[in-house]
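Structural overview for review
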Amino acid sequence: MRIRGLMILGLAVLATGCSSIEPWVKPYDRENLADPIMVFTRAPISQDFLDHVFESREGSRGATGGGGGGCGCN
Amino acid sequence: MTNKLHVRKGRFAITCFGRSLLGLALTGFLFSANAGVLPEDRADALYFRYDGGGVVIDGPSVLVRKSIGEHVSVSANHYIDMVSSASIDVETSASPYVDERTQSSLSVDFLHGKSMYTLGYVNSDESDYLAKTMFAGISHDMFGDLTTISFGYKRGENEVFRNLKDPNTGVVANDPNFAETMETQSFNVSISQIITKNLVVTGQYEVITDEGFLRSPYRSYRFFTPDLTSQGLLPEQYPNTRSSNAGSFRAKYFLPYRAAIDTMYRFYTDTWGILGHTAELGYVHPLGKWIFEARARYYTQEAADFYQDIFPRANYANFMARDKELATYSAVTAGLGATYEFKIERFPWLAKGSLNLRYDFMTVAYDDFRDATFSIGSFGTPPANPLPPGQEPLYELEANIIQFYISAFF
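None of these values were measured; they are calculated from a predicted model.

The rules behind the values
Residues numbered from 1 in each chain as written. Chains lettered and ligands numbered in written order. Predicted model: local features only at pLDDT ≥ 70, side-chain atom pairs only at ≥ 80, totals over all residues. Helix = DSSP H or I, 4+ residues; strand = E, 2+ residues; numbered from the N terminus. Rg over C-alpha atoms; globule rule 2.2 N^0.38 Å. Buried ≥ 20, exposed ≤ 12 C-beta atoms within 10 Å, placed from the backbone. Pairing = 2+ DSSP bridges. Expected span 1.5 Å × (residues − 1). pLDDT = per-residue confidence, 0-100. Contact = placed C-beta atoms within 7 Å. Core = buried A, V, L, I, M, F, W, Y, C linked by C-beta atoms within 7 Å.

**A closer look at the overall build of chain B**
Summing up its helical and strand segments, chain B has two helices and 18 strands in all. For 410 residues, the compact-globule estimate of 2.2 N^0.38 gives 22 Å, and chain B sits close to it at 23 Å. Counting across all 410 residues of chain B, residues that qualify as buried make up 42%.

Following this line, the structure appears as structure tokens:
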């Protein structure tokens, strides 16, 4: 019962947040973020090879993607 | 075939090399772009060479990405590994070998509003390992495109074989009495967030589960014989399942003089007892038509629960491994890269081209993996002055990694 209440509360907060949060970095302020040097992975073909060198030499694996990055603007 | 001889112990290191690429290629496909924009059309041709620890791997890789209309982007990659191996595992138990692996992949991105849907398939083929992987993902931009959230799933089905060499003819072929399977699944979630007009951060979490034949069909563990003065070798014994959790955080910051600095940390843990930490720092500096890049990476891990350099006796435990990638060690990698960008007036369809060169130097220092060539010898030749088992010097690995690639943007 408590978990269900927390879930409802969380969803309510999220729903409220979605409607009220305003983008604090406007599209016209994203010139630096749109610069090609700001992309996490500038050349996927190179980074894929280097990452798989690391993965073959290490016990760890996963969570190595670039995760987007860059401008985020259309 | 008579008098069969195992020639490729240590082969699994290369197999892992291949399998890891599947996951990474997937990661690249899923997270190479923001959700609301199709990735740019480009073509890349790469030559790579890894040389370290007695292993040389080189070959080409070609990647082409092209949009079809305003809502679809297709990406295809073809990759060839040519392997020449005399690694420490091979040196102590077999003879050098050469092999080749080819990998082909195809993925399609569908853009719908601020969402990107991705489907893809990867096929990897080598003489003793076949891997087929499908993957799917979705990314979505929200909060005025300040936030991108992505989910990914992949499933791989692999077939494992064992190669044998006929000592009379020298012909290498699959062992007809050995065929195993392995299945792997991955669940991935990622959130990318613009913090300021100069700072973007990303958090990522991935769960990977494996089930089936997870050890090398070639590698052995070593153990003390009852008199404790000599050693023996027996095939490794691994669990049939493995589940891992990895979480990472990245940040990239635009410096006031048009340069960028980025950092990454990853935490890793799995059901085999491996605990890993990865930290990375990078710097990108454009200068006219040139872009220079410097990068440093540190990695450390604690060994798997069932790893030992040498076991007290044969059949000491249910699971026993001597794969150095499961040992306790730390590694440092430092790299430099240079990109020269150009345009060709005669080719107006070519928006931009670039020539790229990158060099990385990797060094690995093992805490509990010893250089057994000092006691066993190399390729069947015993050492002139053998050391007692367990008293050899700790193993160290150094590798040079070179990449040269040409990129064209359309």
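Read on for the rest.
**A look at the overall build of chain A**
When you go through chain A residue by residue, the secondary structure sums to two helices and zero strands. Of all 74 residues assigned to chain A, the portion counted as buried reaches 54%.

**Considerations on unusual backbone geometry**
Trans peptide bonds make up most of the peptide bonds, and negative phi angles are found at most residues other than glycine. Residue and element names in this part refer to chain B. At D145, a position not held by glycine, the phi torsion is positive, near 65°. Locating D145 in the fold gives a position in the loop between β6 (129-142) and β7 (147-165). Residue D145 is classed as buried on the basis of its 21 C-beta neighbours within 10 Å. With phi around 50°, F379 is a residue other than glycine that occupies positive phi space. Within the element layout of this structure, F379 appears in the loop between β17 (352-370) and β18 (394-409).

**A short note on the pairing of strand β8 (residues 172-196) of chain B**
Residues and elements named next belong to chain B. Pairing geometry for β7 and β8, over 18 bridges, is antiparallel. Residue pairing across strands places I149 opposite I191, the latter belonging to β8. Linking β7 back to β8 in an antiparallel pair, the connection comprises six residues, with G170 at a positive phi of about 80°. In the sheet, β8 pairs with strand β9 (residues 199-212) via 14 bridges, with the strands oriented antiparallel. Along β9, the bridge assignment pairs T184 with D210.

**A few points about helix α2 (residues 44-57) of chain A**
When the terminal C-alpha atoms of α2 of chain A are compared, their 20 Å separation across 14 residues agrees well with the 20 Å that a helix rising 1.5 Å per residue should span. In terms of residue burial, α2 of chain A counts as a mostly covered element, since 14 of its 14 residues are buried.

**Regarding the confidence of the model for chain B**
Confidence in the prediction for chain B averages 90 pLDDT; 92% of positions are at 70 or higher. Scored by ipTM, the complex comes to 0.86, with pTM at 0.87.

**Looking at the pairing of β9 of chain B**
Residues and elements named next belong to chain B. Joining the antiparallel neighbours β8 and β9 is a turn of two residues. Of the strand pairs in this sheet, β9 and strand β12 (residues 241-255) are connected by 13 bridges, and their pairing is antiparallel. Residue pairing for β12: T209 is matched across the bridge by S243.

**Observations regarding the confidence of the model for chain A**
Scored by pLDDT, chain A comes out at a mean of 75, with 59% of its residues at no less than 70. Within the model, pLDDT remains below 50 along residues 66-74 of chain A, and this stretch shows 45 contacts once partners closer than five positions in the same chain are excluded.

**Overview of the nonpolar core**
Core analysis: the largest hydrophobic core is formed by 40 residues, its most contacted members being A304, Y307, A321, L326 and A327 of chain B. Elements with a contribution of two residues or more to this core: α2 of chain A together with β1 (42-52), β2 (55-68), β10 (220-224), β16 (329-342), β17 and β18 of chain B. In contact with L326 of chain B, other than residues within four places in its own chain, are G59 of chain A together with I274, A303, A304, Y307 and A321 of chain B. Residues L33, M38 and F40 of chain A together with L146 of chain B belong to the second largest nonpolar core, which totals twelve residues.

**Quick look at the environment of E345 of chain B**
All names here are of chain B. In this fold, E345 is placed in the loop between β16 and β17. Overall, the presence of 6 C-beta atoms within 10 Å leaves E345 in the exposed class. Distance in space between the C-alpha atoms of E345 and P176 is 59 Å, their sequence separation being 169 residues.

**Some points on the environment of S354 of chain B**
All names here are of chain B. Tracing the sequence through the fold places S354 in strand β17. When the 20 C-beta atoms within 10 Å are taken as the criterion, S354 is described as buried. Taking C-alpha positions, S354 is 5.8 Å from I406, a pair spaced 52 residues apart along the chain. Sequence-distant contacts of S354, that is, excluding residues within four places in its chain, are made with T339, Y340, E341 and S407.

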